[in-house]
Structure formats: C-alpha cells, structure tokens
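# Understanding the architecture of this molecule
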Amino acid sequence: MWLLGLASLMVSFAPSYQQFPRACANQDALLSKECCPPWEGDGSACGASSGRGWCQDVEVTQEPDGPQYPFSGLDDREKWPLVFYNRTCQCAGNFMGINCGDCKFGYFGANCNERRESLRRNVFHLSRAERVRLVSYLNLAKHTVSSDYVIPTGTLQEMRNGSTPLFADVSVYDIFVWMHYYVSRSALLGGPGNVWTDVDFGHWAPGFLPWHRVYLLHWEHEIRKLTGDTSFSIPYWDWRDARGCDVCTDELMGARHPQDPNILSPGSVFSSWRVLCSRPEEYNSRGVLCDARPEGPLRRNPGNHNRNVVERLPPSEDVEFALSLTDYDTGATDRTANMSFRNTLEGFGDPRTGTGNSSHRSLHAAVHVFMNGTMSSVQGSANDPIFLLHHAFVDCIYEEWLRRHRNRDFFISSKDVGYDYSLLLDASKYQRLSESIRPFLEELWGVWGWLALAAVVGGILSVALAAVIVHTKYKYGGFTWLHARKWRNLFALPESEPLIFSPDSEETGYNYQSTM
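The structure reproduced in this document is the subject of the present report. A quick note: this is a predicted structure, and the numbers were derived from the prediction, not measured. (Residues numbered from 1 in each chain as written. Predicted model: local features only at pLDDT ≥ 70, side-chain atom pairs only at ≥ 80, totals over all residues. Heavy atoms only, no water.)

## Here we look at the sheet that holds strand β4 (residues 87–91)
Across the sheet, which stays open at both edges, the three strands sit in the order β2-β4-β3 with mixed pairing between neighbours. One side of each edge strand has no neighbouring strand; the edge strands of this open sheet are β2 (34–35) and β3 (53–57). In this sheet, β4 lies alongside β3 in antiparallel orientation, the contact comprising five bridges. In the strand pairing of β4, Q56 is matched with T88. (Pairing = 2+ DSSP bridges. Helix = DSSP H or I, 4+ residues; strand = E, 2+ residues; numbered from the N terminus.)

## A short note on the side chain of N343
With respect to the helices and strands, N343 occurs in helix α8 (residues 341–346). We classify N343 as buried; its relative accessible area is 0%. Looking at N343, its side chain comes within polar contact range of the main-chain oxygen of R335, at 3.1 Å. Among residues more than four places away in sequence, those in contact with N343 are D334, R335, T336, A337, F348, G349, G356 and N357. (Buried < 20%, exposed > 50% of the residue type's maximum accessible area, 1.4 Å probe, protein only. Polar contact = N/O pair within 3.5 Å; in protein donor to acceptor, adjacent residues only side chain to side chain. Contact = heavy atoms within 4.5 Å.)

## Digging into the packing of aromatic side chains
Inspection of every chain in the model, using the stated rule, returns 30 aromatic pairs. Pairing W80 with Y182 gives two aromatic rings, centres 6.1 Å apart and planes at 70 degrees, and the pair type is edge-to-face. Residue W80 is found in the loop between β3 and β4, and its partner Y182 is found in helix α4 (residues 172–184); the two are separated by 102 residues along the sequence. The same class applies to W80 and to Y182, which are both buried. Taken together, the ring pairs connect F20, W80, F84, Y85, F167, W178 and Y182 into an aromatic cluster. (Phe/Tyr/Trp six-rings, centres within 6.5 Å; stacked < 30°, edge-to-face > 60°.)

## Structural notes on unusual backbone geometry
Each neighbour pair has its own omega, and for W80 with P81 the value is 5 degrees, a cis peptide bond. One can find P81 in the loop between β3 and β4. Even without glycine at this site, C46 takes up a positive phi of about 60 degrees. Of the residues examined, C46 reaches a relative accessible area of 0% and is grouped as buried. Positive phi, normally seen in glycine, also occurs at C277, with a value near 55 degrees. Along the chain, C277 turns up in the loop between α5 (208–227) and α6 (280–286).

## Looking at the sheet that holds strand β1 (residues 20–21)
The strand order across the open sheet formed by three strands is β1-β10-β11, and the pairing between neighbours is antiparallel. Looking at which strands have only one partner, the edges of the open sheet turn out to be β1 and β11 (167–168). For strand β10 (residues 149–152) and β11, the ladder comprises two bridges, and the chain directions are antiparallel. Within β11, the position partnered with P152 by the bridge is F167.

## Quick notes on the pattern of salt bridges
Summed over all chains, the structure comprises 33 salt bridges. A salt bridge links R121 to E130; the nearest nitrogen and oxygen atoms lie 3.0 Å apart. Take R121 and E130: they sit in the same class, and that class is buried. Taking the shortest distance from any N to any O, the salt bridge between D420 and R403 comes out at 2.8 Å. Of this pair, D420 sits in strand β14 (residues 419–421) while R403 sits in helix α10 (residues 386–405); the two residues are 17 residues apart in sequence, bridging distant segments of the chain. By relative accessible area, which is 27% here, R403 ends up partly exposed. Connected via shared salt-bridge partners are E117, R120, R213, E220, R224, D395, E399, R403, K415 and D420. (Salt bridge = Lys/Arg side-chain N within 4 Å of Asp/Glu carboxyl O.)

## Quick notes on the state of the cysteines
Overall, the coordinates contain seven disulfides when judged by the stated rule. The disulfide partner of C24 is C35, and the gap between their sulfur atoms is 2.1 Å. Disulfide C24 to C35: torsion about the S-S bond roughly 85 degrees, handedness right-handed. Linking C24 in the loop between β1 and α2 (27–32) with C35 in strand β2, this pair joins segments that are eleven residues apart in sequence. C35 matches C24 in its accessibility class, with the two residues each being buried. Disulfide partner of C91: C100, at an S-S distance of 2.2 Å. In this structure the cystine formed by C91 and C100 twists about its S-S bond by roughly -95 degrees; its chirality is therefore left-handed. Among the residues examined, C91 registers a relative accessible area of 23% and is labelled partly exposed. (Disulfide = S-S within 2.5 Å.)

## Observations concerning the packing of α4 against α5
Two elements in contact, α4 and α5, have axes whose closest approach is 10 Å; the angle formed by their N-to-C orientations is 165 degrees. When the interaxial angle is binned, α4 and α5 end up roughly antiparallel. Judged by the sense of rotation from one axis to the other, the crossing of α4 with α5 is right-handed. The segment α4 lies against α5, with V172, Y173, F176, V177, M179, H180 and V183 engaging W211, H212, Y215, H218, W219 and E222. Broken down by class, the residue content of the contact of α4 with α5 amounts to nine nonpolar, three polar and one charged. (Axes fitted to C-alpha atoms, helices over the stretch in contact; angles between N-to-C directions. Parallel < 35°, antiparallel > 145°, perpendicular 65-115°, else oblique. Left-handed = near helix turned anticlockwise from the far one by under 90°. Nonpolar A, V, L, I, M, F, W, Y, C, P; charged D, E, K, R; others polar.)

## Remarks on the packing of α5 against α10
The geometry of a pair of packed helices is captured by two quantities: the angle between their axes and the separation between those axes. Between α5 and α10, the shortest axis-to-axis distance is 10 Å and the interhelical angle comes to 125 degrees. When the axis of α5 is compared with that of α10, the two are oblique. In this structure, α5 meets α10 at a crossing whose hand is left-handed. Contacts between α5 and α10 involve F208, L209, P210, H212, R213, Y215, L216 and W219 on the former and, on the latter, F387, L388, H391, A392, V394, D395, Y398, E399 and L402. In terms of residue class, the contact of α5 with α10 is built from twelve nonpolar, two polar and three charged.

Don't take any of this as a statement about function, it's just geometry.
What follows is the structure, given as structure tokens:
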C-alpha cells in the first residue's frame, strides 16, 4: 500500500508540500483553516473562473503511521496539512501551485500546454558560462526574500490555534533550507527537552527518495520563476570514485579557506552565506522550532571526517551493488531493512552485503559525513549548495534503478515529471563523448572570435611591414641595408654581461634550459 501511496504523493501532494503561502499566513486563513488564494489572472480563488482549479476539502491517506512514531495528535506534521488547513486549491489539468497559477512539472506556457523535457547534466560538463549562471542563480536565491512563502516560528499551539500568527520572512533559497529542517526535525511533545528524536518524515523510510525528488523539483521550479530562465536545470555531482571534493573550488561550490580549513575561501560567493536551522540540539533543549535567525557561516572541511564511520567517497562498485537489489524496501522499511535498495542507497545498508543498520555509512549518507561540516547535520544540510548537486545524483541513481527493475506501476519516472539525466541517455558512447566535450567546444567557440581578430590584425601588420620594406628599398637603393651585421648593429643594446647563449660568445655555463 505504501508504494501506491508514494506514487499518488508525487501528484496530489506537490502543491502544498510543507510550504506556508504568504497569502495564508494570517489570522483569517488559520482560523478558517482555508488556504485558497486568488489567481492573479482572473482574481478568483484558485483561478476557478478560468477553470484552473477549485477550493476543496483536503484528502489525506488514512494509512496509520509506522511504529517509529507512536503518537497521534501531537505533531503539526501529522496528516499534513490538516493541522493548519483543511481546504486548499485542488488544481485541474496541467495546473498546480498554491493558487493554481503555475504549471505542473514538465509543462510550460500561459495555458500549461507546452510539454518540455529538461536535461540534468554533470556539473563538470557545464560550460564556464553555465557554471557562472549556476552560482549566480544560487546567490540570487539566497539574497532574495520569497514573495510567495513564509516560515512558521512557532507551533499552531503557540499561535493559539491561529489567533496569533507567528511567521517570518526568509529568502527563496532558505525556504528550502527550512523545509528540509522541518521535515526531519524532532517531534515537540511540549516543554523544554521533551522531544521525540527517533522520527524523520523525510528520511529513514520508503519516502526518502520520492520526497527528495519532489523537493528538488520545487526548488528547480522556484529558481526558474525567480530568474525567468525556464531552461535552468539542477546539475548533478557524480561523486563515484572521487578522491576528494572536486566541486569544492571557488568557481563552483567554494574552496577551503587558506587560514581556516573549516570554512570557505573568501574567493567564493558562498563564504558570505549565513546558515539557519543548523542547531537541532539547541532547539530540542528549549523545545522550540528553529526561528530562522542567522547562525554563522557555512562550515565544511571535506575529508577530515571520522574514518571509522566513512572511509572515503563512495566507489562505483557500491553504487552498482545497490542498483542490483530488486526490492525497493523490505522488512520494517527503516534503517534496519536488509537487501533494501532504498536503505542501501540512503546509506544505512551495507553496500557489500545488503545488511541493514550498518555501523558504517555509505553512498548518500557517506557524502554528507565526508563533507564534515554543515552538510553533516541532517536538519541543516540543505544550507550547503553541494546538497543540491549531491541529491540530484542520488535521484539519478534512483531513476536508473526504476528503469532497470520496471517499477512504473508503483513509482513515477523522472520523464513523467519533465526531466532526464545525461548519464541515463539512451545514446551511443560517441553521443556520451559529445555531451562531455561540449563545454570545451563552447569555450573554444567563445575565443574563436578573438583568434580570428588576431589573424586579421597579424595580416594587416604583415602587409604594413612589407610596405615599409619596399619603401626603404627605393629610398636606400636595394636591400644592402639588410646585411646581417648592419641589422644586428641597428638593434644592438649595451650589455653588462654576455648573453646566456650567443654565437659570438663562448659558452658561459648557462644554456636556454637554465632556470637561473
């Protein structure tokens, strides 16, 4: 049953997806439990006048929670979003969003009837211009306050059931940092220190991969809205067999600081970023939610992690073992699951034996541990932009497993929501080679104009020099002035020392290979 639930989750759950629309973060909406904002196109709730959607009662699954969460009615995330809203926009056709003003993933245009498939590519196959664009878009998202969403700084009980709304503004990027914190935070049972830590609504269970898939889709969607660039796609970092963090350069995700190895180089735009929601122990001790206050710089010291937990970045054979497992999940469908593709890819199953609850971390979890900093905290990990590239590759592995084992009856393929991965293209090795060398060809094309200009200038100078020579011939009567000795004397300079090598001087002991 949970497999079917995950399939429907991809479609029905996407519009709300643990976000708080700014239009509904007020007393009226909270007390009425209705969040049906008007669509700007016609001014009607959910764009109903244009047939885009309607305000309807929310339907949630009636399946019970797993044994890992033995409570009911204590956490605001239970049966999401019923604690806050029980009526929301239910969109028709290819429309989605808080007011049905957006297009479903994979659709574009004013009427959402243009089907397009985007391609997520290896970050090292991007051209220099594309890498600059990626970093610029991330930085823009980090420094632009979200116009559509806010975050709650208190529980519904602390809001007095909606009478006293408690919300805060954050950036477009930090909305997603908060979302990842919120889905994985401890359950607050009331009062300082009274929390349930053995729960995570986005990890340690079958929903891990579908949840992060929709998370990345929403993130990609918001970047496109912010920039107006509908061609933008999240690139992936293929970390298999990498000897170190090869995306940790100032051109990409930020190099190591030369004086402090725990923070980023001042040459990276990410060195000025401030993290939030990265101190779960502090929130738990106080029994409160993260309030989105800045908590210091991004921290990262890749490779200087606990080697008893993670030996190195994941090798290819570990990925291949996970892909060979035929069952998506098994047993208790948690960290103890044996021979489970999900648990092995998530990093709690041994990638050599398939045994669950391993004392070592592998694959997905190993990369988080390897980064040794902000990325190593589950709740705060999305603060680090490497998170996006890392999870895009985890999603790529997930997609490859789906295609190998024919699970379309239970899961939705990436192609069905509008994207594919260059690594998974049904292409010949020559097409793959073309994909990998494309950025270098683009770089060459970028300098081609300068090379052509240099050739033209060189030609003009050659013609000019020839003209000078001809003119001089007539002026001085032939080319006798070009006699070698006269030529050398014409440009001779006074010397305090003999040349390193000259036919007119004896060998001095230094030659053209000298480094002195």
